[in-house]
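Read off the chains here:
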Amino acid sequence: MISVKRIHKSYGKLHVLKDVSLNVEQGEVVVMIGPSGSGKSTLLRCMNYLEQIQEGSIEIEGKPIGLIQKNGKLVEMPQKELDKVRSEVGMVFQNFNLFPHVSVLENVMMAPMTVKKTKREEAEKLARELLRKVGLAEKADMYPDQLSGGQKQRVAIARALAMKPKVMLFDEPTSALDPELVGEVLTVMKQLAAEGMTMVVVTHEMGFAREVADRVVVMDGGTLIEDGTPEKIFTAPDQPRTQAFLSKVL
Ligand code: ADP
Ligand code: MG
């Protein structure tokens, strides 16, 4: 479903992703862990083409995202195609990124209407269904400001799902939440995983990783240093750097 092949990404002179490869199968839940600054967010952002890579390739279901080969060179794909592949990759951020000036319902309706030209009636029906799914049907007419952090994040998940993505990327979705609100967001994510959604989740919630992840990958210094089952990574990691990281967070 996701194929990241030998990618490199730099910000100016800062080489952030160094020859990173990662395959994610359909229905798989991959949790990505690793120290701050190791490149986890950058890798997720590249998978959604929020960031451009300089080398390598990223494919979603066999289709390149963002850059295509043309006459032996990597060039940006036409905007229409880009919108299409991008709509297949939902993303949820640490800080929710909801539109503050419109209602919860409108937040969830907006992307299908603008990007997919879904009719208002249909978009509203879907949005209400999704809000029900994340347990927020009764908050449809509120504004983001009127919600708790956990509720905002569940709206953000509903909003991403409204595009019917094939893949969901989560970048520390619970890191900005008060501890008592973490569970309600993880519950929604677990439910999504159980329904077979393909997911890549950057998180420090090791309980979630143990319980839900099919695989855990460890990022350090811009490379993926380890890849294995949660059992393996948490009990007998091969890499000393994985052990060092885990000893700080567990
Ligand atoms: P992580 O998510 O693992 O904490 P990031 O992917 O956010 O790591 O960052 C990896 C490195 O790239 C860090 O050194 C960070 O400072 C740098 N970085 C991230 N985003 C940018 C940016 N937009 N411009 C320049 N440097 C960046
Ligand atoms: Mg990050």
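All of these numbers come straight from a predicted model, not from anything done at the bench. Residue indices follow the written sequence of each chain, beginning from 1 at its first position. To read the labels, note that chains go from A and ligands from 1, taken in the order they are written. The predicted nature of this model means local features are confined to residues of pLDDT at least 70 and side-chain atom pairs, given and counted, to a pLDDT of 80 or more, with totals for whole chains, interfaces and linings taken over all residues. To obtain the side-chain values, all non-hydrogen atoms of the structure were included, while hydrogens and water were left out.

Colleague: Any chance you could explain the UniProt feature "domain: ABC transporter" (unreviewed entry) in the protein here in plain terms?
Modeller: Within the UniProt annotation, "domain: ABC transporter" (unreviewed entry) is assigned to residues 2–246. Helix numbers and strand numbers start at the N terminus; a helix is a DSSP run of H or I with at least 4 residues, a strand a run of E with at least 2. A helix fraction of 38% and a strand fraction of 28% characterise residues 2–246, whose end C-alpha atoms lie 26 Å from each other. UniProt positions are given in the numbering used here, feature names are shortened, and annotations may be inferred rather than shown by experiment.

Colleague: Help me out: how do you make sense of the side chain of arginine 159 in this one?
Modeller: Inspection of the secondary structure assignment puts arginine 159 in helix α5 (residues 149–161). Of the side chains with opposite charge, glutamate 106 comes closest to the buried, unpaired arginine 159, at an N-O distance of 12 Å. Other than its neighbours up to four places away in sequence, arginine 159 contacts Phe96, Asn97, Leu98, Phe99, Asn107 and Val108. Here's how the labels work: a residue is buried when its accessible area is under 20% of the maximum for its type, exposed when over 50%, partly exposed in between, all with a 1.4 Å probe on protein chains only. Only four residue types enter the charge count, namely Lys and Arg as positive and Asp and Glu as negative; His and the chain termini do not. When a carboxyl oxygen of Asp or Glu lies within 4 Å of a side-chain nitrogen of Lys or Arg, that pair is called a salt bridge. Between two residues, a contact is recorded if the distance between any of their heavy atoms is within 4.5 Å.

Colleague: Please explain the sheet that holds strand β1 (residues 2–11) as it appears in this structure.
Modeller: The pairing of strands in a sheet comes from backbone hydrogen bonds and takes either a parallel or an antiparallel form. Reading across from one edge, β2-β1-β4-β5 is the order of the four strands in this open sheet, with antiparallel pairing throughout. The open sheet has two edge strands with one neighbour each: β2 (14–24) and β5 (63–64). Only strands that DSSP links by at least two bridges are regarded as paired with each other. Bridging between β1 and strand β4 (residues 55–60) involves five bridges; their strand directions are antiparallel. Bridged to serine 3 within β4 is glutamate 59.

Colleague: Explain the sheet that holds strand β9 (residues 167–171) to me, please; I cannot follow it from the model alone.
Modeller: Taken in spatial order, the six strands line up as β8-β9-β10-β3-β11-β12 in an open sheet, and their pairing is mixed. Both outer strands of the open sheet, β8 (89–92) and β12 (223–228), are each paired with one neighbouring strand and no more. Mean inter-strand twist for the sheet, computed between neighbouring axes without regard to direction, equals 20°. Across the sheet, helix α1 (residues 40–47) lies against β3 (29–33), β8, β9, β10 (198–202) and β11 (215–220), angled at about 155° from β9, the strand it touches most. To get an axis, a line is fitted to the C-alpha atoms, and for a helix only the part in contact is used. The angle between two axes follows their N-to-C directions and goes from 0 to 180 degrees.

Colleague: Please explain helix α3 (residues 104–115) as it appears in this structure.
Modeller: Because an α-helix packs 3.6 residues into every turn, residues spaced three or four apart end up facing the same way. The complete set of buried residues in α3 reads Val104, Leu105, Asn107, Val108, Met109 and Pro112. The inward-facing, buried residues of α3 abut α4 (120–133) and α5. Among the residues trailing α3, lysine 117 stands out with phi positive, at a value near 60°.

Colleague: Would you mind showing me how to read the packing of α4 against α5 here?
Modeller: Two quantities define a packed helix pair, namely the angle between the helix axes and the distance between the axes. Where α4 meets α5, the closest approach of the two axes is 9 Å, and the angle between their N-to-C directions is 140°. Judged by the angle between their axes, α4 and α5 are oblique. For the pair α4 and α5, the sense of crossing is right-handed. Between α4 and α5, the residues in contact are Leu130, Leu131 and Lys133 and Val155, Ala158 and Leu161, respectively. Any residue that is not Ala, Val, Leu, Ile, Met, Phe, Trp, Tyr, Cys, Pro, Asp, Glu, Lys or Arg is counted as polar, Gly included; the first ten are nonpolar and the last four charged. Of the residues belonging to the contact of α4 with α5, the class tally is five nonpolar, no polar and one charged. Angles below 35 degrees are treated as roughly parallel, those above 145 as roughly antiparallel, those between 65 and 115 as roughly perpendicular, and all remaining angles as oblique. A clockwise turn of the near helix away from the far one marks a right-handed crossing, whereas an anticlockwise turn of less than a right angle marks a left-handed crossing.

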